[in-house]
Amino acid sequence: VGGGSSMGTAKAAMAYARYPCGVTDYFGVPVGAGRPIPGPLLPHIACPTTSGTGSECTSVAVIRLGEIDSKFVIGSPFMMPDEAIVDPTCTETLPANVVASTGYDLMCHALECYTARAYTRWDRVEDPARRTLLQGANPWSDMAATRALEIVDAYLERGIADAADHEARDQLMWGATLAGMAFGNSGTHLPHAMSYGVTHLMKHVTTPGYDVPSPFVPHGISVAVGAPAIVRYLAPGAPGRHLEAAGHLGADTRGAGEDDAGDVLSSRLVDLMRATAAPNGLGGLGFGADDLPAMAASSARQKRAIANAPRIASEDEIQSIYANAMSYW
Ligand SMILES: [Fe+2]
């Protein structure tokens with residue numbers, strides 16, 4: 001019961017308790033050994049209390065490892081909850097800033113699903129067991145992702161502004177679950193990969209409104225602050241998808257061509273961020289130019305997510321995208 005951290009912790013705890021091993025053994029290479037979780041875990045019911053993570057319907061857990069101070073994903077079909085209890089009334093007392101940050105997470109999950117490298121572009125494998133768990137954009141995840149984007153457009157500002165707006169908070173919870181089902185299928189890509197560089201280097205950063213003792217950037221904000229710059233970089237790899245995603249998110253795409261896709265989507269993301277009091281890029285969080293090389297080196301380790309993007313970013317390109325994400329308005 002809880003947000004993404006609680007549900008992910010529960011999934012990982014069940015895996016390590018049932019099949020003990022070194023902490024990084026289940027992490028993907030190069031950080032971990034890429035060892036698969038060998039078999040079923042205990043029966044598992046997940047109940048989200050935020051409208052963002054979607055962890056109640058995914059087979060992944062995200063772990064932050066203190067030794068290397070970064071986040072990595074453990075994925076296994078055995079970590080999928082047996083049941084999910086998705087009750088929007090759990091978010092009735094959720095503070096506005098948490099509705100916002102988790103809403104950005106939901107938005108980026110949907111956006112990344114819809115713009116991911118198409119499932120038809122992955123190499124064929126001889127052994128079905130070697131098939132990737134997260135398989136890129138596909139017709140099923142497209143359906144869920146597009147509806148989730150429409151929900152963000154229609155309800156995110158309302159759900160933040162008024163805790164008594166039950167229609168908005170109900171819809172955001174449904175959108176989070178939909179986007180979770182979508183990205184649990186297709187995977188996320190560069191915005192999530194680059195969010196881990198943000199949380200890796202956040203030693204001197206705090207986020208107003210979060211009463212926590214340590215440096216802290218909420219996951220959804222760590223993803224959203226890079227997104228407008230990242231979609232400008234990625235759009236040439238799948239321009240039609242970026243333009244369609246912008247339309248589902250409420251952008252006016254009339255007259256826009258494929259060359260405009262990055263600008264149109266980026267502008268819509270910036271408008272949404274400004275309307276919901278998001279930090280103004282990395283600079284708005286307190287990062288400076290000196291942080292960027294280390295952030296890029298950290299994010300470049302997220303090989304699987306980077307490979308799921310429609311355009312493959314090198315470490316140098318990641319650093320220049322971060323530079324473009326310092327300030328948007
Ligand atoms: Fe996320």
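## Focus: the packing of aromatic side chains
(1) Moving on: Applying the stated criterion across every chain, the model contains one aromatic pair.
(2) Moving on: Measuring from ring centre to ring centre gives 5.3 Å for Y16 and Y26, while their planes differ by 40°; the resulting arrangement is tilted. Residue Y16 is located in helix α1 (residues 4-18), and its partner Y26 is located in the loop between α1 and β1 (45-46); the two are separated by 10 residues in the primary sequence.
(3) Moving on: The residue whose ring lies beneath R117 is W122, and the NZ or CZ to ring-centre distance is 4.9 Å.

## Some thoughts on the coordination of the iron ion
(1) Moving on: Coordination sphere of the iron ion, protein contribution only: D105 (OD), H109 (NE2), H192 (NE2) and H219 (NE2), at 2.1 to 2.2 Å.
(2) Moving on: Coordination geometry of the iron ion: the four donor atoms subtend angles of 82 to 168° at the metal centre, consistent with an arrangement described as irregular.
(3) Moving on: Sequence spacing among the residues donating to the iron ion works out to D-x3-H-x82-H-x26-H. Of this pair, H109 sits in helix α2 (residues 96-115) while H192 sits in helix α5 (residues 190-200); the two residues are 83 residues apart in sequence, bridging distant segments of the chain. In terms of burial, H109 and H192 fall into one category: buried.

## Brief notes about the domain arrangement of the protein
Where interface size is quoted, it is often the accessible area lost as the parts come together.
(1) Moving on: Under the domain assignment, the protein is made up of domain 1 (4-88) and domain 2 (95-324).
(2) Moving on: In this structure, domain 1 and domain 2 have C-alpha centres spaced 20 Å apart.
(3) Moving on: Counting residues at the interface gives 27 residues for domain 1 and 28 residues for domain 2.
(4) Moving on: Contact between domain 1 and domain 2 buries roughly 2,100 Å² in total, counting both sides, with carbon and sulfur atoms accounting for 64%.
(5) Moving on: Three residues, S51, K71 and P88, lead the burial of domain 1 against domain 2; their summed loss comes to 26% of the area buried on that side.
(6) Moving on: Where domain 1 packs against domain 2, one counts zero salt bridges.
(7) Moving on: Where domain 1 touches domain 2, the interface holds two residue pairs in polar contact (both at pLDDT 80 or more).
(8) Moving on: Elements that contribute at least two residues to the side of domain 1 that touches domain 2 include exactly β2 (60-65) and β3 (70-75).
(9) Moving on: No other element matches β3, which puts five residues into the side of domain 1 that touches domain 2.
(10) Moving on: A per-class count over the side of domain 1 that touches domain 2 returns 12 nonpolar, 10 polar and five charged.

## Overview of the pattern of salt bridges
(1) Moving on: Summed over all chains, the structure comprises eight salt bridges.
(2) Moving on: For the salt bridge of R158 with D165, the shortest nitrogen-to-oxygen distance reads 2.8 Å.
(3) Moving on: Classification of R158 by relative accessible area gives partly exposed; the value is 35%.
(4) Moving on: Taking the relative accessible area as the measure of exposure, D165 reaches 13% and is therefore buried.
(5) Moving on: For R254, the salt bridge identified is with D252, shortest N-O distance 2.9 Å. Take R254 and D252: they sit in the same class, and that class is exposed.
(6) Moving on: Taken together, the shared-partner salt bridges in this structure form one network comprising R158, D165 and E167.

Reading guide: rules and limits
Residues numbered from 1 in each chain as written. Predicted model: local features only at pLDDT ≥ 70, side-chain atom pairs only at ≥ 80, totals over all residues. Heavy atoms only, no water. Phe/Tyr/Trp six-rings, centres within 6.5 Å; stacked < 30°, edge-to-face > 60°. Helix = DSSP H or I, 4+ residues; strand = E, 2+ residues; numbered from the N terminus. Lys NZ or Arg CZ within 6 Å of the ring centre and 35° of its normal. Donors = N, O, S within 2.8 Å, 3.2 Å for Na, K, Ca; no water. Tetrahedral: all angles 85-135°; square planar, octahedral: opposite > 155°, others 65-115°. Buried < 20%, exposed > 50% of the residue type's maximum accessible area, 1.4 Å probe, protein only. Domains from an automatic or database assignment. Contact = heavy atoms within 4.5 Å. Buried area = accessible area lost by both parts, 1.4 Å probe. Salt bridge = Lys/Arg side-chain N within 4 Å of Asp/Glu carboxyl O. Polar contact = N/O pair within 3.5 Å; in protein donor to acceptor, adjacent residues only side chain to side chain. Nonpolar A, V, L, I, M, F, W, Y, C, P; charged D, E, K, R; others polar.

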